[in-house]
Amino acid sequence: MHIHRYEKYWLTFGFLAIVTFIVFMFVTAFSHGHHPAGGTEVIDPTKVDQTPPFDKPGVVKTGDNEYDVYIVAMAFGYNPAKIQVPAGAKIRFHVTTRDVIHSFSIPGTNVNMEILPGHVSTREHTFKEPGQYLVICNEYCGAGHHMMKMDIEVLDNADGK
Amino acid sequence: MRTASKDKQLAFAFIFAAFLFFFIGTICGLLQGLVRGGVMELPNWLNYYKVLTTHGVSLALLFTTYFIYGFLFAGIHRTMGEMSAKVRATGWIGFWMMLAGTLLAVAMVSSDKATVLYTFYAPLKASPYFYIGLACFVVGSWVSGIAMIAHYANWKKQHPKQTSPLFGYMTVATILLWIIACLGVAATVLLQLIPWSFGIIDKINILLSRTLFWYFGHPLVYFWLLPAYMYWYISIPKIIGGKIFSDSLARMTFVMFLLFSIPVGFHHQLVEPGIAESWKFMQVILTLMVVIPSLITAFSMFATFESSGRSKGAQGLFGWWKKLPYRDVRFLAPFLGMLFFIPAGIGGIINASYQLDEIVHNTLWVAGHFHITVGAAVAMSFFGIAYWLVPYLTGRTFTKTMNKLGNLQVILWAVGMFVMSTSMHAVGLAGAPRRTAYSTYGDHPIALDWFQGIVANQLYLPIGALFLFLSSMLMVYLFCYLAFLAPRAAVNNEVEFPLSEPEHKETTPAILENWKVWVGICFVLVLLAYGVPIHDMIQHAPPGSPGYKTW
């Protein structure tokens with residue numbers, strides 16, 4: 001098969017570019033731990049309200065400057081609808097849904113998870129700046145989809161007071 | 001309608017259906033743009049998400065699929081001769097099945113029993129007749145597709161040891177891609193959604209249904225793109241007075257699309273639970289491989305432009321740029337589409353990248369990306385095709401005035417697309433969600449900010465949508481004119497089906513035409529990419545979900 005010389009240059013360039021991208025992704029993913037949101041924990045989607053820790057959703061302090069946050073998504077809102085966390089702390093979000101698919105997305109951050117019934121989505125995030133953050137659902141979930149939101153207030157001292 | 005051939009009638013039926021749904025879909029598009037920009041509110045009986053479902057289904061599924069089938073039937077008739085009565089009848093059976101399925105699904109959507117968007121993610125539970133309609137549409141498309149493959153097989157039998165016409169070859173690759181991809185959506189619709197929506201089973205495995213959907217969902221976009229590429233490879237060189245740069249490489253490109261566009265669905269599921277990181281990563285690698293055949297296509301196009309320009313006496317490094325026939329809508333439309341496809345391709349690489357997806361996933365960025373791939377590169381190539389294909393099929397003429405109006409139509413489209421999609425990308429980066437009605441989230445400062453940028457401003461959505469709407473109404477008018485009103489062509493003055501010659505007469509390696517090998521490799525790749533994760537999804541499934549109607 002005849003391949004033109006210029007075409008060979010172009011293909012080599014393209015192929016090397018893709019390989020470079022992949023190497024970068026591989027290094028940041030598997031040696032620096034930059035994975036997108038995920039999680040392998042499962043839950044009965046019809047019994048979310050009776051299953052700990054989602055029976056009492058909210059913020060739990062787990063370490064010196066570390067918090068676990070448990071949130072239940074539903075049509076059309078989140079429980080709790082508002083939380084307070086300190087800036088600079090390591091926050092671990094655990095989110096599940098008790099009905100359809102939702103998302104848990106905080107504009108301006110990399111927190112952007114799909115929330116599937118039966119699964120718990122997890123992601124770690126540190127808010128560097130204090131302020132009012134908005135959480136929205138960006139996966140269509142029904143007639144009130146565009147109303148679905150919650151608020152995160154990020155406080156500026158480490159004790160969260 | 002007078003047509004010389006029964007094959008042309010079949011092709012025309014598909015094209016007619018395509019423009020019918022184009023008409024419906026673009027009206028919905030205008031309404032959406034107006035609502036999303038906060039310009040108007042819809043009455044309660046016509047809610048935003050119903051309009052969105054109709055827009056998505058009409059344009060992304062129906063317009064594209066019907067148009068593609070019309071184009072492919074016309075092309076295989078032109079390049080491989082009259083179809084046998086049996087093949088033609090099979091083509092018609094497929095057409096009627098698709099239409100019956102479509103009407104059933106449309107009836108369910110418009111009676112508010114299926115406001116589930118065109119991705120119909122469970123556990124949103126639509127009427128079972130919506131899923132049956134979809135299944136009927138897909139199976140009908142298989143029947144028609146098999147008719148095309150049979151026509152190709154007949155040609156091969158009559159022309160032993162000859163290389164098939166490039167159009168026939170690419171048709172087979174496209175149809176194989178479609179049939180293999182649809183196996184996923186057929187599995188979830190037939191085995192999961194229909195029994196569940198009838199209440200025969202009461203719970204459903206959500207992650208599995210999403211995975212089967214996206215196994216189909218990504219190759220679906222290549223099913224839209226490949227016929228546009230066929231036009232670029234096969235017809236455009238002829239229109240600009242050049243030749244196909246390399247016939248073999250064009251064939252290899254299509255084989256690579258067949259192999260690399262199917263085992264990649266996880267890159268749509270990068271930010272969801274239940275799939276191990278290593279499997280997500282592996283599919284990201286396979287996804288990026290699709291860049292290679294797209295780069296070959298880009299190279300071939302510009303190589304053809306340059307060599308045809310030089311043969312017309314162009315001087316200097318970029319002199320050939322001035323020799324292109326910009327006033328010919330058959331060229332202008334796909335050419336503008338190609339220009340859109342450059343940022344679209346880059347955006348695609350960003351979406352598919354393992355960590356970058358997190359920033360843009362399900363934001364308006366994705367809607368912007370979608371509109372410059374399918375809505376610009378593909379749709380504009382289809383417009384370019386329609387302007388000669390419709391009169392070619394109906395035996396009418398394509399006049400200079402029509403050509404001018406056609407240029408106006410594609411320019412309006414390009415302006416609208418540019419304004420709307422640029423803003424969608426920018427607002428998406430600022431976090432605005434896709435598939436969401438107008439909302440300021442209780443006047444939250446972050447949401448209000450989406451209406452204040454110079455580039456990133458949701459107010460550009462209705463402005464772009466208005467341009468697109470004007471363009472689409474002009475397109476519909478021109479379609480009707482070319483199909484039913486334009487003067488009939490004299491025998492020696494018929495509109496041609498542009499087909500180019502390859503630049504070098506060369507023998508094509510026989511392996512390229514050995515479909516058993518390629519389909520075999522394709523299945524091995526699918527098994528590698530999906531075997532273990534799907535096994536896990538079934539073995540470690542959470543208790544299933546009941547259905548919900550939340551609209």
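Refer to the structure presented above.
Residues numbered from 1 in each chain as written. Chains lettered and ligands numbered in written order. Predicted model: local features only at pLDDT ≥ 70, side-chain atom pairs only at ≥ 80, totals over all residues. Heavy atoms only, no water.

Visitor: Even after reading the chapter, I still don't get unusual backbone geometry, so can you show me in this structure?
Guide: Leaving glycine out, the prevailing phi sign among residues is negative, and the prevailing peptide bond configuration is trans. For the bond from Asn79(A) to Pro80(A), the omega torsion is 0°, close enough to zero to count as cis. Of note, the bond from Ala122(B) into Pro123(B) is cis; its omega dihedral lies within 30 degrees of zero at 5°. When you line up the elements, Pro123(B) lands in the loop between helix H3 (85-110) and helix H4 (128-158). Positive phi, close to 60°, is recorded for Leu117(B), a residue that is not glycine. Mapped onto the elements of the fold, Leu117(B) is located in the loop between H3 and H4. Residue class for Leu117(B) comes out buried when judged on its relative accessible area of 2%. The phi angle at Phe120(B) is positive, at roughly 35°, despite the residue not being glycine. Within the secondary structure layout, Phe120(B) lies in the loop between H3 and H4. The exposure class of Phe120(B) is buried, given its relative accessible area of 7%. (Helix = DSSP H or I, 4+ residues; strand = E, 2+ residues; numbered from the N terminus. Buried < 20%, exposed > 50% of the residue type's maximum accessible area, 1.4 Å probe, protein only.)

Visitor: Looking at this structure, I do not really get the packing of helix H10 (residues 329-352) of chain B against helix H12 (residues 364-394) of chain B. What am I missing?
Guide: If you want to describe how two helices pack, look at the angle between their axes and the distance between the axes. Residue and element names in this part refer to chain B. Direction vectors running N to C along H10 and H12 enclose 160°, while the axes themselves pass 8 Å from each other. Compared by their axis directions, H10 and H12 come out roughly antiparallel. Handedness of the H10/H12 crossing: left-handed. (Axes fitted to C-alpha atoms, helices over the stretch in contact; angles between N-to-C directions. Parallel < 35°, antiparallel > 145°, perpendicular 65-115°, else oblique. Left-handed = near helix turned anticlockwise from the far one by under 90°.)

Visitor: For this particular structure, what's the right way to read the pattern of salt bridges?
Guide: Pairing between side chains of opposite charge can happen when their charged atoms approach one another. Considering all chains together, one arrives at 16 salt bridges over all chains under this definition. The salt bridge partner of Glu358(B) is Arg123(A), with a shortest N-O separation of 2.6 Å. Pair noted here: Glu358(B) is in helix H11 (residues 357-360) and Arg123(A) is in strand S8 (residues 121-125), and the two residues belong to different chains. Comparing Glu358(B) with Arg123(A), the two get one shared label, buried. For Arg210(B), the salt bridge is made with Glu272(B), and the minimal N-O distance between the two is 2.6 Å. Here Arg210(B) is found in helix H6 (residues 206-239), whereas its partner Glu272(B) is found in the loop between helix H7 (247-260) and helix H8 (277-289), with 62 residues between them in sequence. Owing to a relative accessible area of 1%, Arg210(B) belongs among the buried residues under this scheme. Judged by its relative accessible area of 0%, Glu272(B) is buried. When salt bridges that share partners are traced, they join Glu114(A), Arg210(B) and Glu272(B) into one network. (Salt bridge = Lys/Arg side-chain N within 4 Å of Asp/Glu carboxyl O.)

Visitor: Help me understand the interface of chain B and chain A, please; the structure alone is not making it clear to me.
Guide: Many authors give the size of an interface as the accessible area that is lost as the parts come together. At the interface, 72 residues of chain B touch 63 residues of chain A. Summed over both partners, the interface of chain B with chain A buries about 5700 Å², with 69% contributed by carbon and sulfur atoms. Among the residues of chain B in contact with chain A, Pro273(B), Glu358(B) and Tyr441(B) are the three that bury the most area, contributing 12% of the side total. Across the contact surface, chain B and chain A share three salt bridges. Inspection of the chain B/chain A interface yields 25 residue pairs in polar contact (both at pLDDT 80 or more). Of all the secondary structure elements, the ones that give two or more residues to the side of chain B that touches chain A are H6, H7, H8, helix H9 (291-311), H11 and helix H14 (445-448) of chain B. Counted by class, the side of chain B that touches chain A contains 44 nonpolar, 19 polar and nine charged residues. (Contact = heavy atoms within 4.5 Å. Buried area = accessible area lost by both parts, 1.4 Å probe. Polar contact = N/O pair within 3.5 Å; in protein donor to acceptor, adjacent residues only side chain to side chain. Nonpolar A, V, L, I, M, F, W, Y, C, P; charged D, E, K, R; others polar.)

Visitor: Can you walk me through H6(B) in this structure?
Guide: Since one α-helical turn is 3.6 residues long, residues separated by three or four positions face the same way. All names here are of chain B. The first and last C-alpha atoms of H6 sit 49 Å apart over 34 residues, in line with the 50 Å expected at 1.5 Å per residue. Tyr-233 marks the point of greatest bend in H6, at about 30°, and the proline Pro-237 comes within the next four residues. Capping the start of H6, Asn-205 holds a side-chain oxygen 3.3 Å from the backbone nitrogen of Leu-207, two or three residues further along. Following H6 by one or two positions, Gly-241 has its phi on the positive side, about 80°. (Expected span 1.5 Å × (residues − 1). Bend = angle between axes of the 7 residues up to and from the residue.)

Visitor: Hey, could you run me through the side chain of Thr122(A) in this one?
Guide: For Thr122(A), the location among the structural elements is in strand S8. Beyond its immediate stretch of four places on either side in the chain, Thr122(A) contacts Ala37(A), Gly38(A), Gly39(A), Arg92(A), Phe93(A), His94(A) and Met113(A).

Visitor: Quick question: what am I supposed to make of the packing of aromatic side chains here?
Guide: In this description, a pair of aromatic rings is defined by centroid distance and the angle of the planes. This structure, assessed with the given rule, holds 84 aromatic pairs over all chains. Taking the centre distance of 4.8 Å and the plane angle of 40° together, the rings of Tyr140(A) and Tyr49(B) count as tilted. Of the two residues, Tyr140(A) is situated in the loop between strand S9 (131-136) and strand S10 (149-155) and Tyr49(B) in helix H2 (residues 48-80); the pairing between them involves two chains. The exposure classification of Tyr140(A) matches that of Tyr49(B), with both residues buried. Across the ring face of Tyr121(B), the terminal group of Arg210(B) is positioned such that the distance to the ring centre comes to 4.4 Å. (Phe/Tyr/Trp six-rings, centres within 6.5 Å; stacked < 30°, edge-to-face > 60°. Lys NZ or Arg CZ within 6 Å of the ring centre and 35° of its normal.)

Visitor: Is there a simple way to explain the nonpolar core in this structure?
Guide: Residues Phe93(A), Phe104(A), Ile152(A), Tyr66(B), Phe71(B) and Phe130(B) are the most contacted members of the largest nonpolar core, which totals 244 residues. The leading source of residues in this core is H6(B), at 23 residues. Excluding anything up to four places from it in sequence, Tyr66(B) contacts Phe14(B), Ile15(B), Ala17(B), Ala18(B), Phe21(B), Phe95(B), Met98(B), Leu99(B), Thr102(B) and Phe137(B). In terms of nonpolar packing, the next biggest core, distinct from the first, is built from seven residues, Val48(A), Tyr70(A), Val72(A) and Val120(A) among them. (Core = buried A, V, L, I, M, F, W, Y, C linked by side-chain atoms within 4.5 Å.)

Visitor: What exactly am I supposed to notice about the side chain of Ser545(B) here?
Guide: Here Ser545(B) shows up in the segment after helix H16 (515-539). Exposure remark for Ser545(B): the relative accessible area of 2% places this residue in the buried category. Ignoring any residue separated from it by four or fewer positions in sequence, one finds Ser545(B) in contact with Pro45(A), Pro117(A), Pro123(B), Trp196(B), Asp202(B), Lys203(B), Ile204(B) and Ile206(B).

Visitor: For this particular structure, what's the right way to read the environment of Gly58(A)?
Guide: Residue and element names in this part refer to chain A. Mapped onto the fold, Gly-58 is located in strand S1 (residues 58-63). Under the relative-accessibility criterion, Gly-58 is labelled buried at 11%. As for Gly-58 and Cys-141, which are separated by 83 residues in sequence, their C-alpha atoms are 23 Å apart. Discounting chain neighbours no more than four positions away, the residues touching Gly-58 are Asp-68, Val-69, Tyr-70 and Pro-80.

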